[in-house]
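So you can see what is in the structure, the chains are spelled out below.
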Amino acid sequence: MPADERFAVRRESARASVPRPLTAAPAPAGVPLPPGLALRGRLATGARRPETPRGSGRGGSGPRTPRTGRGGGPRRAYERARRAWDRPLTAYYVILGSSLLITVLGLVMVYSASMIKALDISKPATYFFGKQFLAAVIGGGLMLIAARMPVKLHRALAYPMLMVTVFLMVLVQVPGIGMSVNGNQNWLYLGGPFQLQPSEFGKLALILWGADLLARKQDKRLLTQWKHMLVPLVPVAFMLLGLIMLGGDMGTAIILTAILFGLLWLAGAPTRLFAGVLGFAAVLTFLLIRTSPNRMSRLACMGVSEPDPEGGCWQAAHGIYALASGGWFGSGLGASVEKWGQLPEPHTDFIFAITGEELGLAGTLSVLALFAALGYAGIRVAGRTEDPFVRYAAGGVTTWITAQAVINIGAVLGLLPIAGVPLPLFSYGGSALLPTMFAVGLMIAFAREDPAAKAALAMRKPGVRWKTMRRRVKKRSSGER
């Protein structure tokens, strides 16, 4: 047989050995085919599947259809911001950053607001700024020390600080030792241009001592009884208030009362007990204001827009003038008009008004945002801790700074009576700046004591990170490359 015929026979036998695809018999009308037979029928008749474009699968590189149902850009940005805020070190950085920004901006505004005042008393233009800068440097050292101190050491300092503060506050009332400034007998002369106001340190002493007292009573489960919640916290607080009121400093007494209420609230005081103490304090405040013509005149200046013909409410009215003339972005740093003798105390109690005049609404809102961030971070530290002392101390410091800022700014805006309290970390005054910066360092230490924050800080150290990476690397034999 020729070769071509043999090749043709082999090809026919190979075709015969290939199995033919099964075809589905035509179904009667109205009777559907089973799924398997229908699929085999389509394959046998040459029906082709729809082609999938390249790049649309999992491994493809083509463009993908954007997913829907998970929210757009704003929602994604909100989720990222929420996750960033929930990180362990957020409170630590917010407290540190906001307090430093407030202090630095306060130094700038103290220099701008006090230049004319310094020249008016025949001093260099940087006189008040130099003293405030020195206090800020010392306060920064105190903040660093407080931030590095363990919680046990803070608790050990509570009783000595309270005793020293009470001794200094008693010393203020001794004739010949205490000094009177603006009608208030609450200063100690230290020599040269330096003075000390012990009542400012009384706020910090009450917080540390009260937090330690309440924490020890909570450990013994004694706070469920009224007498253990009130005694000796309320009597000691009233003793400090009495020493302050002997000097006539109503503003500091209000801040101290707010701290006392904050500690009682954190300790879980019942509503009746809390309302009783609040009512007693309100009646006492009313009597103190009613019996003092100076305090009555300050109360009458709330909401005024023009000074009296006799010169009353001059400070309150010109504070409103300064804020009103600032506009959106202010007249410029150093270009204030009210500080040229029109507004009394432009670098202390009413520095917020000068800020509004020179930096405008943008500057005042920035200051408010920084205080709001500092207060919220303090609340977060107090709310997330398991240590009762940390909760009471952090809550007390947050109440102190927030209440004092609200009272100062409210007085400048004409919403509250002029209490004569400085803006924390912002106004001029070393006696107010030093304990406040120590209190900020206290909150930084508490934020670092959180277990998650401790782990995050430990991972940021180069030595720890290198050791961790070395543990993860698998050791190889000497001959392996």
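Since the model is a prediction, treat every value here as computed from it, not as a measurement.

Cut-offs applied
- Residues numbered from 1 in each chain as written.
- Predicted model: local features only at pLDDT ≥ 70, side-chain atom pairs only at ≥ 80, totals over all residues.
- Heavy atoms only, no water.
- Helix = DSSP H or I, 4+ residues; strand = E, 2+ residues; numbered from the N terminus.
- Buried < 20%, exposed > 50% of the residue type's maximum accessible area, 1.4 Å probe, protein only.
- Contact = heavy atoms within 4.5 Å.
- Areas by Shrake-Rupley, 256 points an atom, 1.4 Å probe, with all protein chains shown as cover.
- Core = buried A, V, L, I, M, F, W, Y, C linked by side-chain atoms within 4.5 Å.
- 1 Å grid on protein atoms, 1.4 Å probe; cavity = no way out; pocket = protein on both sides within 12 Å on 5 of 7 lines; lining within 4 Å.
- Points joined across faces, edges and corners; volume = space filled by probe spheres on them.
- Nonpolar A, V, L, I, M, F, W, Y, C, P; charged D, E, K, R; others polar.
- Salt bridge = Lys/Arg side-chain N within 4 Å of Asp/Glu carboxyl O.
- Pairing = 2+ DSSP bridges.
- Axes fitted to C-alpha atoms, helices over the stretch in contact; angles between N-to-C directions.
- Disulfide = S-S within 2.5 Å.

A. Highlighting the overall build of the protein chain. A count of helical and extended segments in the protein chain gives 19 helices and three strands. When each of the 481 residues of the protein chain is scored for burial, the buried share is 40%. Of the contacts formed within the protein chain by residues at least 6 apart in sequence, a portion of 68% connects residues at least 24 apart. Only carbon and sulfur atoms are counted for the fraction: they give 64% of the accessible area of the protein chain, which is about 27700 Å².

B. Representation of the nonpolar core within the structure. Core analysis: the largest hydrophobic core is formed by 109 residues, its most contacted members being L233, L264 and F446. Sequence-distant contacts of L264, that is, excluding residues within four places in its chain, are made with M229, L230, L233, A269, F274 and V277.

C. Fine view of empty space enclosed by the protein. If you walk through the whole model with that rule in mind, you get four cavities of 30 Å³ or more. The computed volume of the largest cavity comes to approximately 60 Å³. In terms of lining, the largest cavity is formed by M169, V172, Q173, Q185, N186, P198, S199, L243, I244 and G247. Along the lines of polarity and charge, the residues of the lining of the largest cavity split into five nonpolar, five polar and no charged.

D. Layout of the environment of A432. Relative to the helices and strands, A432 resides in helix 17 (residues 430-448). Residues A432 and L196, spaced 236 residues apart in sequence, show a C-alpha to C-alpha distance of 9.1 Å.

E. A look at the pattern of salt bridges. Tallied over the entire structure, the rule returns four salt bridges. Between D212 and R155 there is a salt bridge, with the nearest N and O atoms lying 2.9 Å from each other. Of the two residues, D212 is situated in helix 8 (residues 198-219) and R155 in helix 6 (residues 151-156); the sequence distance between them amounts to 57 residues. Among the residues examined, D212 registers a relative accessible area of 6% and is labelled buried. Among the ionic pairs, R216 bridges to D212, the shortest N-O distance being 3.1 Å. Placement of both R216 and D212 in helix 8 is noted, with a separation of four residues, approximately one turn of the helix. Through salt bridges with shared partners, a single network forms among R155, D212 and R216.

F. Main features of the layout of surface pockets. Roughly 310 Å³ of volume is contained in the second largest pocket. In terms of lining residues, the second largest pocket is bounded by 18 residues, among which R384, T385, F446, E449 and D450 are the most central. Listed by contribution, the elements that provide at least two residues to the lining of the second largest pocket are helix 4 (90-120), helix 15 (351-384), helix 17 and helix 18 (451-460). Top contributing element to the lining of the second largest pocket by residue count: helix 15, with three residues.

G. Highlighting the sheet that holds strand 1 (residues 178-181). What the three strands build is an open sheet, ordered 1-2-3; its pairing is antiparallel. Edge strands, defined here as strands with exactly one partner in the open sheet, are strand 1 and strand 3 (194-196). Taking each pair of neighbouring strands and ignoring which way they run, the sheet shows an average axis angle of 55°. In terms of strand pairing, strand 1 meets strand 2 (residues 184-191) through four bridges, oriented antiparallel. Its bridge partner being in strand 2, M179 is matched across the sheet by W187.

H. The arrangement of the state of the cysteines in detail. The tally for this structure, following the rule as stated, stands at one disulfide. Each disulfide pairs two cysteine sulfurs, and for C301 the partner residue is C313, the sulfurs being separated by 2.0 Å. Because the torsion about its S-S bond is -90°, the bridge between C301 and C313 counts as left-handed. Of the two residues, C301 sits in the loop between helix 13 (293-300) and helix 14 (314-324) while C313 sits in the loop between helix 13 and helix 14, which places them twelve residues apart along the sequence. On the basis of relative accessibility, which here comes to 10%, the residue C301 falls in the buried class.

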